[in-house]
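Residue-level structure breakdown
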Amino acid sequence: MKPVPKVSSHFFAYVSRLRWIKRWGLMRNAIEENVATHSWEVATLAHALALIRNRHFGGRVNADRIAAAALYHDATEVITGDMPTPVKYHSRVMREAFGDIEHKAEEELLALLPEDLREDFSPYLRESRLPAEDSELIKAADRLSAWLKCQAEVRAGNREFEPAEKQIRQRLEQESLPEVAYFMEVFAPGYEKPLDNLLG
């Protein structure tokens, strides 16, 4: 076996900077959240939703692949920053313009990798390459994470998040994914409890 030539890459050093990018930039936050922490939470939620789908709702999705893709679902924000939802979806023109920026950011991130690894990372960094079922569960996990964040803010006395909490919950209910309903019934109530009550 020939030795693999080693090429210097800044990919992971760059992606690790997601921890410095704050989320919810237009809102007054009681609890600061960064993109790296959010990505980890979305990955755990997406993994859980995939396993719940497989166990209870006849699914056959690859939960591990979904978790890995969810870890990278906001990786382009290391280039673009976190664009607040009201700005991103303000109009069709804004949606299209930001979509184009995201695609270019995906290409820039992929270009940071050694050439022989780009195809391996491409399905995780290019959202359009994901199977539709994977994408559906990652988007649901992303929305669920946002709802949990809003709930935490409201519990902390921050009424600024009340409208967002209601809107996101309505959206989750309209989408009516059974995995999400299961999570909200079985797991979400625990988020409201103090630490001493979580260990039984």
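In what follows, the accompanying structure is described. Residue numbers restart at each chain and count upward from 1, following the sequence in its written direction. The model is predicted, so local features are restricted to residues of pLDDT at least 70 and side-chain atom pairs to those at 80 or more, both for listing and for counting; the totals for chains, interfaces and linings are taken over all residues. Side-chain metrics rest on all non-hydrogen atoms present in the structure, leaving aside hydrogens and water.

A word on the packing of helix 2 (residues 35-56) against helix 3 (residues 63-71). Between helix 2 and helix 3, the least distance of the axes is 8 Å, while the angle of their chain directions is 160°. Classified by the angle between their axes, helix 2 and helix 3 sit roughly antiparallel to one another. The hand of the helix 2/helix 3 crossing is right-handed. Across the interface between the two elements, S39, W40, V42, A43, A46, H47, A50 and L51 from helix 2 touch A63, D64, I66, A67, A70 and L71 from helix 3. Axes here refer to lines fitted to C-alpha atoms; in helices the fit is confined to the stretch in contact. Angles between the N-to-C directions go from 0 to 180 degrees. Every helix listed is a DSSP run of H or I at least four residues long, and every strand listed is a run of E at least two residues long, numbered separately from the N terminus. When describing relative orientation, an angle under 35 degrees is termed roughly parallel and one over 145 degrees roughly antiparallel, while 65 to 115 degrees is termed roughly perpendicular and anything else oblique. Here a crossing is called left-handed whenever its near helix is offset anticlockwise from the far helix by less than a right angle, and right-handed whenever the offset is clockwise. The contact definition used throughout considers only heavy atoms, calling two residues in contact when any of these lie within 4.5 Å.

With that out of the way, let us pick up a nonpolar patch on the surface. Here a patch means residues that are over 30% exposed by relative accessible area and free of salt bridges, tied together within 9 Å if like-charged and within 5 Å if nonpolar (Val, Leu, Ile, Met, Phe, Trp, Tyr). A 1.4 Å probe and the Shrake-Rupley method give the accessible areas. Residues count as covered only by the protein chains that appear here. By definition here, a salt bridge exists when the distance from a side-chain nitrogen of Lys or Arg to a carboxyl oxygen of Asp or Glu is within 4 Å. On the surface, a cluster of nonpolar side chains totalling about 270 Å² of accessible area is made up of V186, F187 and Y191. Turning to its location among the elements, V186 is positioned in helix 10 (residues 178-186).

Let's shift gears to unusual backbone geometry. Phi at W24 takes a positive value of approximately 60°, unusual for a residue other than glycine. Counting through the fold element by element, W24 comes out in the loop between helix 1 (11-15) and helix 2. Backbone geometry places S176, a non-glycine residue, at a positive phi of 45°. Relative to the helices and strands, S176 is located in the loop between helix 9 (162-175) and helix 10.

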